Amino acid sequence: MAYTTINKSTDYFNTTLRNGAYNNSGTTTDITVGFQPDLVWNKVRDRTGDHDLIDSVRGAGYTIKANLTNTQAGAANLTSFLSNGFQLTNNNDWSSTNTLVDWSWKAGGTASSNTDGSITSTVSANTVAGFSIVKYTGTGAIGTVGHGLGVAPKMIIAKGLAVDNNWIVYHSTVGNTKGLALQDTTDFTGSHLFNNTSPTSSVF
């Protein structure tokens, strides 16, 4: 087996399958994933429902939906991140008869300010796993944003939190002149949102 700095992949990413935790008592349910996650993406599996993304940089209780262009919303069912998983408020979760999947990623824990780019960002970065969560405020002009990874990211998924607009996806195999809309089914299209410039080891 080739040498790797990650001997157990589930220390950094894990998938959990569960039933919904709904009841009217307002009690909570703890979901174990094996580490303290910084991003949880969950989806109901047996019926139509949105994809909810909750992360530690924006804070538990706020969600953005991967299948929609909507702005950030409050009242997500995930109310806190725990040392070994996350906590749900039952009366905001799906019915106990529903089945759900949670994909959980470990970034770098508490976020810190990053001034590598022309725009200061707030970053939680896991350089071992090559995964970071970045929050910043755009200026409406060309700029660079620090990502904290120390190597150029091969994939970037971006979404405006306060505006109703498309998700934007960059991938190195396609290049910096095209992008995908994550919530859409269309093919790669021309994209100027990364200024036709590939990310570096410090910024995008």
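Shown above is the structure to which this text applies.
What counts, and where the lines are drawn
Residues numbered from 1 in each chain as written. Predicted model: local features only at pLDDT ≥ 70, side-chain atom pairs only at ≥ 80, totals over all residues. Heavy atoms only, no water. Helix = DSSP H or I, 4+ residues; strand = E, 2+ residues; numbered from the N terminus. Rg over C-alpha atoms; globule rule 2.2 N^0.38 Å. Buried < 20%, exposed > 50% of the residue type's maximum accessible area, 1.4 Å probe, protein only. Contact = heavy atoms within 4.5 Å. Areas by Shrake-Rupley, 256 points an atom, 1.4 Å probe, with all protein chains shown as cover. Core = buried A, V, L, I, M, F, W, Y, C linked by side-chain atoms within 4.5 Å. Pairing = 2+ DSSP bridges. Axes fitted to C-alpha atoms, helices over the stretch in contact; angles between N-to-C directions. Salt bridge = Lys/Arg side-chain N within 4 Å of Asp/Glu carboxyl O. Phe/Tyr/Trp six-rings, centres within 6.5 Å; stacked < 30°, edge-to-face > 60°.

Draft legend 1. Structural detail: the overall build of the chain. In terms of helices and strands, the chain carries zero helices and 16 strands. Against the compact-globule benchmark of 17 Å for 204 residues, the chain has a radius of gyration of 18 Å, which places it among compact chains. By principal-axis analysis of the C-alpha atoms, the chain measures approximately 50 × 40 × 35 Å. Looking at the 204 residues of the chain, the share that counts as buried comes to 37%. Summarising the internal contacts of the chain: among those between residues at least 6 apart in sequence, 56% fall at separations of at least 24. When the accessible area of the chain is evaluated, it comes to approximately 10,800 Å², of which 50% is carbon and sulfur surface.

Draft legend 2. Region of the structure containing the nonpolar core. Within the largest apolar cluster, ten residues are counted, these being Leu 39, Trp 41, Leu 53, Val 57, Ile 64, Ala 66, Ala 107, Phe 131, Ile 133 and Trp 167. Those elements that provide at least two residues to this core are β3 (39-44) and β12 (131-136). In this structure, Ala 66 is in contact with Trp 41, His 51, Leu 53, Trp 167, Leu 182 and Gln 183, ignoring residues within four places of it in sequence. Residues Ile 31, Val 33, Val 40 and Phe 86 belong to the second largest nonpolar core, which totals nine residues.

Draft legend 3. Representation of the sheet that holds strand β7 (residues 78-82). If you walk across this open sheet you meet the three strands as β2-β8-β7, and the pairing is antiparallel. On the outer flanks of this sheet lie β2 (28-32) and β7, each paired with one strand and no other. In this sheet, neighbouring strand axes are inclined to one another by 25° on average, regardless of whether the strands run parallel or antiparallel. Pairing between β7 and strand β8 (residues 85-89): four bridges, direction antiparallel. Opposite Leu 78, over in β8, you have Leu 88 as the bridge partner.

Draft legend 4. Examining the sheet that holds β12 more closely. Pairing in this open sheet of three strands is antiparallel, and the strands run β10-β11-β12 from one edge to the other. Of all strands in the sheet, those with a lone pairing partner are β10 (112-114) and β12, marking the two edges. Sheet twist, expressed as the average angle between the axes of neighbouring strands with direction ignored, equals 40°. Here six bridges tie strand β11 (residues 121-126) to β12, and the two strands are oriented antiparallel to one another. Pairing of Asn 126 across the sheet is with Phe 131, part of β12.

Draft legend 5. Representation of the pattern of salt bridges within the structure. A full pass over the atoms with the stated rule returns four salt bridges. A salt bridge links Arg 58 to Asp 55, with the nearest nitrogen and oxygen atoms 2.6 Å apart. For the pair Arg 58 and Asp 55, a shared accessibility class is recorded, and that class is buried. Each of Asp 50, Asp 52 and Lys 65 takes part in a single network of salt bridges with overlapping partners.

Draft legend 6. Expanded view of the packing of aromatic side chains. Within this structure, the stated rule accounts for six aromatic pairs. Judged by centre distance (5.7 Å) and plane angle (55°), the rings of Tyr 170 and Phe 194 are tilted. Of this pair, Tyr 170 sits in strand β14 (residues 168-171) while Phe 194 sits in the segment after β16 (189-190), and the two are 24 residues apart along the sequence. Like Tyr 170, the residue Phe 194 is buried in the burial classification. Through successive ring pairs, a cluster of aromatic residues spans Tyr 136, Tyr 170, Phe 194 and Phe 204.

Draft legend 7. Molecular detail of unusual backbone geometry. Residue Asn 195 is not a glycine yet carries a positive backbone phi of 55°. Within the secondary structure layout, Asn 195 lies in the segment after β16. Notably, Asn 196 is not glycine yet its phi reads approximately 50°, a positive angle. Among the secondary structure elements, Asn 196 is positioned in the segment after β16. Exposure remark for Asn 196: the relative accessible area of 46% places this residue in the partly exposed category.

Draft legend 8. Summary view of the pairing of strand β9 (residues 99-105). Relative to β9, strand β1 (residues 13-19) runs antiparallel, the two sharing seven bridges. Residue pairing across strands places Phe 13 opposite Trp 105, the latter belonging to β9.

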